[in-house]
Amino acid sequence: MAGNVTSLFRGTAAHSPSMAALTREGDGAGPVDFCIPCNPYFPTPAMFDELAGRLREIITYYPSNADTITAELCSLLQLPPQCVAMGNGSTELITWIDHLLVRESLAIPVPTFGRWTDQPMETGKRVDMFPLQESSGFALDLAKYAEFIRARGTRVAVICNPNNPDGGFLPRQSLIQFMDAMADLDLIVIDESFLEFADAESEPSVVEDAVMRPNVIVLRSLGKNFGLHGVRFGYLVANPALAGKVRSMLPKWNLNSFAETVVFMLKGHGAEYLESLHMVRRDRLDMARQLSALPGLTVYPSQGNFLFVRLPVGAEGTVVRDRLLTEHRILVRECGNKIGSSSRFLRLVVRPQVDVRRLVSGLEQVLYGTRRGAAVPELGTGTSYSSGTAAVDRLVSATNGAGMQSLAAQAAGWQGAAAAQLAQPAQPAQMPSLPPAQPAAAVSNFPSPQPAAAPGYPAPQPAAVSNFPAPQPFAQPAPQPGPGPNPQLAPQPNPRPAPQPNPQPTAWPAPAAAQAPAPMPAPAMAPGAAMPGMGPAPAGGLTAAAQGPQSSGLGAAGGLTAAQVRGRTQPEPQPQPQQTGGWPAVGAMLYGQAG
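These figures come from a predicted structure and were not determined experimentally.

Draft legend 1. Up close: the environment of threonine 60. Inspection of the secondary structure assignment puts threonine 60 in helix 4 (residues 55-60). Taking the C-alpha atoms as reference points, threonine 60 and serine 257, 197 residues apart in sequence, are found 9.0 Å from one another. Of note is the side chain of threonine 60, whose polar atom sits 2.5 Å from the backbone oxygen of arginine 56.

Draft legend 2. Geometry of the packing of aromatic side chains. Taken as a whole, this structure holds 14 aromatic pairs when the rule is applied. With a centroid separation of 5.8 Å and an interplanar angle of 55°, the aromatic rings of phenylalanine 42 and phenylalanine 226 are classed as tilted. On the criterion of sequence distance, the pair formed by phenylalanine 42 in the loop between strand 1 (32-34) and helix 3 (45-53) and phenylalanine 226 in helix 11 (residues 223-226) is long-range, its members being 184 residues apart. The pair formed by phenylalanine 42 and phenylalanine 226 is uniform in burial state, with each residue classed as buried. Here phenylalanine 130 and tyrosine 145 contribute two aromatic rings whose centre-to-centre distance is 5.3 Å and whose plane-to-plane angle is 50°, an arrangement assigned as tilted. Taken as a pair, phenylalanine 130 in strand 4 (residues 126-131) and tyrosine 145 in helix 8 (residues 142-152) lie far apart in primary sequence, 15 residues in all. Each member of the pair, phenylalanine 130 together with tyrosine 145, is buried.

Draft legend 3. Region of the structure containing the pairing of strand 4. Burial analysis of strand 4 places 6 of its 6 residues in the buried class, which makes it a mostly covered element. A two-sided burial pattern is seen for strand 4, the buried positions comprising Arg126, Asp128 and Phe130 on one face and Val127, Met129 and Pro131 on the other. The pairing of strand 3 (residues 105-110) with strand 4 spans 6 bridges and is parallel. Bridge pairing in strand 4 places leucine 106 opposite valine 127.

Draft legend 4. Region of interest: the sheet that holds strand 12 (residues 345-349). Spatially, the 5 strands line up as an open sheet ordered 1-11-12-10-9, and their pairing is mixed. Strand pairing shows two members of the sheet lacking a second neighbour, strand 1 and strand 9 (298-300), which therefore form its edges. Adjacent strand axes in the sheet meet at a mean angle of 30° when their direction is disregarded. Pairing between strand 1 and strand 11 (residues 330-334): 3 bridges, direction parallel. For aspartate 33, the partnering residue across the bridge sits in strand 11 and is leucine 331. Relative to the sheet, helix 15 (residues 317-328) contacts strand 11 and strand 12, its axis offset from that of strand 11 by approximately 165°. Helix 16 (residues 353-367) rests against strand 1, strand 11 and strand 12 of the sheet, and its axis sits at about 85° to strand 1.

Draft legend 5. The arrangement of unusual backbone geometry in detail. A cis amide bond links phenylalanine 42 with the next residue in sequence, proline 43, at an omega value of -5°. Of the consecutive residues valine 110 and proline 111, the connecting peptide bond is found in the cis state with omega at 10°. You can see proline 111 is positioned in the loop between strand 3 and helix 7 (115-122). Of note, the phi angle at phenylalanine 138 is positive, near 55°, even though the residue is not glycine. One non-glycine residue, arginine 329, lies in positive phi territory at about 55°.

Draft legend 6. Representation of the nonpolar core. With 97 residues, the main nonpolar core has Tyr145, Phe178, Tyr235 and Leu291 as its most contacted residues. Looking at which element gives the most residues to this core, the answer is helix 14 (residues 270-292), with 7 residues. Not counting residues up to four positions away in its chain, the partners in contact with leucine 291 are Leu297, Val299, Leu307, Val309, Leu348, Leu359, Val360 and Leu363.

Draft legend 7. Spotlight on the state of the cysteines. For the structure on display, the rule yields 0 disulfides. Here cysteine 83 stays unpaired: no disulfide links it, and the sulfur of cysteine 74, its closest cysteine neighbor, is 8.5 Å away. Here cysteine 83 falls in the buried class, since its relative accessible area comes to 0%.

Draft legend 8. Representation of the pattern of salt bridges within the structure. Taken as a whole and judged by the stated rule, the model has 22 salt bridges. With a shortest N-O distance of 3.8 Å, arginine 54 and glutamate 50 are connected by a salt bridge. With a relative accessible area of 33%, glutamate 50 lands in the partly exposed category. Here aspartate 184 ties to arginine 150 by a salt bridge, and the two come within 2.8 Å at their closest N and O atoms. Here aspartate 184 is found in the loop between helix 9 (172-181) and strand 6 (187-191), whereas its partner arginine 150 is found in helix 8, with 34 residues between them in sequence. Residue aspartate 184 is classed as buried on the basis of its relative accessible area, which comes to 17%. When salt bridges that share partners are traced, they join Glu50, Arg54 and Glu57 into one network.

Draft legend 9. Inspection of the pairing of strand 3 at higher detail. With 6 of its 6 residues buried, strand 3 lies for the most part within the structure. Burial of strand 3 is two-sided: the residues Ser105, Ala107 and Pro109 facing one way and the residues Leu106, Ile108 and Val110 facing the other way are all buried. Each parallel crossover has a hand, and for strand 3 linked through helix 7 to strand 4 it is right-handed.

Draft legend 10. Representation of the packing of helix 3 against helix 13 (residues 257-265) in the model. It is the contact of helix 3 with helix 13, at a shortest axis distance of 12 Å, that shows an interaxial angle of 135°. Considering the angle they form, helix 3 stands oblique to helix 13. Pair helix 3 / helix 13 crosses with right-handed handedness. Judged by residue contacts, Met47, Glu50 and Leu51 of helix 3 engage Thr261, Val262 and Met265 from helix 13. Classifying every residue of the contact of helix 3 with helix 13 gives 4 nonpolar, 1 polar and 1 charged.

Draft legend 11. How the structure looks around helix 8. The buried fraction of helix 8 amounts to 8 of the 11 residues, a majority that puts the element mostly inside the structure. Considered for burial, the residues of helix 8 that qualify are Leu142, Ala143, Tyr145, Ala146, Phe148, Ile149, Arg150 and Arg152. Between a side-chain oxygen at the N-terminus of helix 8 and the backbone nitrogen of alanine 143 the separation is 3.0 Å; the capping residue is aspartate 141. Following helix 8 by one or two positions, glycine 153 adopts a phi angle in the positive range, close to 75°.

Draft legend 12. Inspection of the packing of helix 6 (residues 90-101) against helix 12 (residues 240-247) at higher detail. Packing of helix 6 against helix 12 brings their axes to within 10 Å, and their N-to-C directions diverge by 105°. Considered as vectors, helix 6 and helix 12 are oriented roughly perpendicular to each other. On helix 12, the residues that touch Leu93, Trp96, Leu100 and Leu101 of helix 6 are Leu242, Lys245 and Val246. Along the lines of polarity and charge, the residues of the contact of helix 6 with helix 12 split into 6 nonpolar, no polar and 1 charged.

Analysis parameters
- Residues numbered from 1 in each chain as written.
- Predicted model: local features only at pLDDT ≥ 70, side-chain atom pairs only at ≥ 80, totals over all residues.
- Heavy atoms only, no water.
- Helix = DSSP H or I, 4+ residues; strand = E, 2+ residues; numbered from the N terminus.
- Polar contact = N/O pair within 3.5 Å; in protein donor to acceptor, adjacent residues only side chain to side chain.
- Phe/Tyr/Trp six-rings, centres within 6.5 Å; stacked < 30°, edge-to-face > 60°.
- Buried < 20%, exposed > 50% of the residue type's maximum accessible area, 1.4 Å probe, protein only.
- Pairing = 2+ DSSP bridges.
- Axes fitted to C-alpha atoms, helices over the stretch in contact; angles between N-to-C directions.
- Contact = heavy atoms within 4.5 Å.
- Core = buried A, V, L, I, M, F, W, Y, C linked by side-chain atoms within 4.5 Å.
- Disulfide = S-S within 2.5 Å.
- Salt bridge = Lys/Arg side-chain N within 4 Å of Asp/Glu carboxyl O.
- Right-handed = clockwise from strand over helix to strand, strands pointing away.
- Parallel < 35°, antiparallel > 145°, perpendicular 65-115°, else oblique.
- Left-handed = near helix turned anticlockwise from the far one by under 90°.
- Nonpolar A, V, L, I, M, F, W, Y, C, P; charged D, E, K, R; others polar.

Don't take any of this as a statement about function, it's just geometry.
Printed below as a string of structure tokens:
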């Protein structure tokens, strides 16, 4: 089976092989799945029994049209139907967003969900990738991201909240201020596919804000929340004109009979769904604690139903993945084929405690074992071991992703110089000035919750973010330095992310000053016309200071680094009052607001 497994992973590009393919190559029973991020507690066994009893009817007859299924979902979630478009999975909606609403360029922080980078590149768009740095916990600083977008002249911005694969989270108020600052863009997409699993805020979604804006789409997944990836259903929420534009292009029967059956079942199972989310959040905290106890393993805080982990120095993710699968029948997501990540990182889906114990046992044997065939070298104080992968990663980090000439030769040089470099004391007089040190905490060692802390767990602190001054339309932005080595990212052994305090008040980058408009390709669907639901793009290109040294056609290798750790793994907050009927409303306040 080992050789077949290796070939399956080689042929899947930016994704993992399907469970069906893995099952066919095995003995008919699939592995314990820590790869596919779905809800392990929903649907309930009783719901699966009901679906099984209706299987013949479901697969024999046509479903209702998409408008009927959408109307039922909107009734359940208290969303106005004219603001919603349902797709055969969120990837169908991403495809149509790209075809209809992305004219020339799209910005996206990486690493992230692969379709946000691959889809626009497949249609010839420029994708400006904003690199999230390991040294700052893969955090997204929205002010720096906005500066990056202004400097690149990007017309569409995407934010995944929580982000996949690291699970980083952004407060709602921060996203609202970003949308305000970027109101002149063609489109802003907030991908909330994993937001149902977040517990950092009681009301984290920006759905209600999106329907009131001309250029914002919120993307939501149903398969991930409901544990039903195979059903293929998701939806977007936007102002009526924007949602209608996408909805008009979708096939009348783009949703299957399984999707219809599940949607019409949901109204009677709201309490079970809420309980399933509670259990996932509880398991996330427990799983993070168990994994953080493994020597050399770094666990990043997450608000998704998965954890992003960095393997010990010297471990190769593909080897760990294959051995876990062939020796322990455990499937994990190795992230070496994700742009902005490397093979030293795994994404591990949150699962019940009995499965986590099996995972931890398997990792212990694969990573450390009996030293014969262990995936990492003997851990000890002052070890000089450095793998080629680790050396290249440190080299890329030291240049802020820009790289250097003779990369292979310099990477090889790290092998012999690592021990000598670590043994030398720091030379403060020779180092460039650094900002004041931030209070650090070891992310890989999650503290045990205090018995009395959970009921009154401190709420997020949006106040510091909300102090961002309003953008000044006529202010000339200061010149930005070109990409180059970042003195704050000096190579270090086994770096661990340190949570940062809330960002200090910082001015958002102003839109470009008015001047002669730069040539812009017209939208494919209506040359010369404004985008549906939006005003025309503002006249005016980037000032010379905002453009910096890069042309609009260059890649994003010199992008700014992130500065604030955003995701958290924390105790479960007190449950909110339950909605009438037992189902959590997504847009309870929208009916009186969307025209």
